[in-house]
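Spelled out, the chains give:
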Amino acid sequence: MTAVPLVIDTDTAQDDCVALLAGLLDPAADLRAITMVAGNVGFDQQVRNAHLTLAAAGRLGEVPIHLGCRRPLVREWVSAENVHGDGSGGLALAGDEPGVSEEHAVDALIRLAADAPGELQIVCIGPLTNIATALVKDPDFVRNVGSLWIMGGSNNGRGNITAAAEYNFYVDPEAAKAVFSAGFTITVVPWDPLTLRDAVFGRERLAQIAEVDTPLARFFTRIVSATLAFDESVGIPGSTHPDSLTAAVLLHPELVLAAGDYAVDIETGSELTRGYSAMSWGVHGLTPNARVIERIDSDAFFAYISGMLACSITPSREIAGLERA
Ligand code: BDR
Ligand code: CA
């Protein structure tokens, strides 16, 4: 099996870190870089979360981290710290903070796409600011990218940061609009209904992972703890895993049970519906520009994640807070 060349463009908190674990540990993945974008938590915390994740996977220093756009294209940055806390459950990496690449994330995305024209897969699990900036900076970027795998929006369903909008598209709606109209090959993993129905791990499943009691399982339990509390406070019966699902459907397409071709466009003109993702399913005479995942095998997805966490991997460095309870 040839591993998939990929970059994960991320706002590095909670389930973003689980997506990074998939990119780092799945033999189907050839993770060439982590590119960071303004989103969930502040950049310094994102870097700490990425280093913690690399260390938990036993791969600290092996995959370059590139810092990207520090704010959306037009709007002010909106954090999701109220949802995720610090994004890594208060864990701390022993020793000095490892370095990050000097190369900007946008330049790394452009370079890596040009190095593998038509092959590089980019898992986009944060606001799309880096991707939009790359397509503006390099006229060949759209053609060079194999395809984008975007976590964002809702498929004629509810938002999460507002009634209309999902967080990633809300934070930088102009970037999302530019990306969906640029001509990329795109697969979308939406928030509603897909994530809310097929990618929520309830307490029983979380207990199964906690019982595994490997360092990876303990890492997972800690990093999802803050988001679990928030999710349950808003009526979601468990921790939400849209980002790791996005990586999973790229690496294991057999997880997809239903998908459709849609014309996707993003609202940027209205404050009321800013970031709303209009997804037309083909009866409105619009030309499709994305494949939207409609249903996945939820049990198989949980088995994939829990199976990954059962691997007994010694962290690259000591991680304070990862001790057995
Ligand atoms: C998205 O918002 C972020 O808080 C999560 O990391 C995920 O990418 C879900 O709306
Ligand atoms: Ca994310």
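Rules used in this analysis
Residues numbered from 1 in each chain as written. Chains lettered and ligands numbered in written order. Predicted model: local features only at pLDDT ≥ 70, side-chain atom pairs only at ≥ 80, totals over all residues. Heavy atoms only, no water. Donors = N, O, S within 2.8 Å, 3.2 Å for Na, K, Ca; no water. Pairing = 2+ DSSP bridges. Helix = DSSP H or I, 4+ residues; strand = E, 2+ residues; numbered from the N terminus. Axes fitted to C-alpha atoms, helices over the stretch in contact; angles between N-to-C directions. Near = heavy atom within 4 Å. Polar contact = N/O pair within 3.5 Å; in protein donor to acceptor, adjacent residues only side chain to side chain. 1 Å grid on protein atoms, 1.4 Å probe; cavity = no way out; pocket = protein on both sides within 12 Å on 5 of 7 lines; lining within 4 Å. Sits in = over half its atoms within 2 Å of the grid points. Nonpolar A, V, L, I, M, F, W, Y, C, P; charged D, E, K, R; others polar.

## Comments concerning the coordination of the calcium ion (ligand 2)
Here comes step 1: Around the calcium ion (ligand 2), the donor atoms from the protein are Asp11 (OD), Asp16 (OD), Asp16 (OD), Ile125 (O) and Asp243 (OD), and they sit 2.2 to 2.7 Å away.
Here comes step 2: Expressed as a motif, the donor residue spacing for the calcium ion (ligand 2) is D-x4-D-x108-I-x117-D.

## A few points about the sheet that holds strand β1 (residues 4-10)
As a general point, the strands of a sheet are linked pairwise by backbone hydrogen bonds and lie either parallel or antiparallel.
Here comes step 1: Judged by pairing direction, the sheet is mixed, and its 9 strands sit side by side in the order β3-β2-β1-β5-β6-β7-β12-β10-β11 without closing on themselves. At either margin of the open sheet sits one strand with a lone partner, and together these are β3 (65-67) and β11 (277-280). Geometrically, the sheet is characterised by an average inter-axis angle of 30° between neighbouring strands, direction not taken into account.
Here comes step 2: Here strand β10 (residues 256-266) runs beside β11; their pairing, made up of 4 bridges, is antiparallel. If you follow Ile266 over to β11, its bridge partner there is Ser277.

## Observations concerning the site of ligand 1
Here comes step 1: Looking at ligand 1, the residues that line it are Asp11, Asp16, Asn40, His84, Ile125, Met151, Asn160, Glu166, Tyr167, Asn168 and Asp243.
Here comes step 2: In this structure, an oxygen atom belonging to ligand 1 sits 2.8 Å away from a side-chain N or O atom of Asp16.
Here comes step 3: Contacts to ligand 1 include Asn160, whose side-chain N or O atom sits 2.8 Å from an oxygen atom.
Here comes step 4: Among the cavities detected, the one that contains ligand 1 is the largest pocket.
Here comes step 5: Tallied by class, residues from the shell around ligand 1 come to 3 nonpolar, 4 polar and 4 charged.

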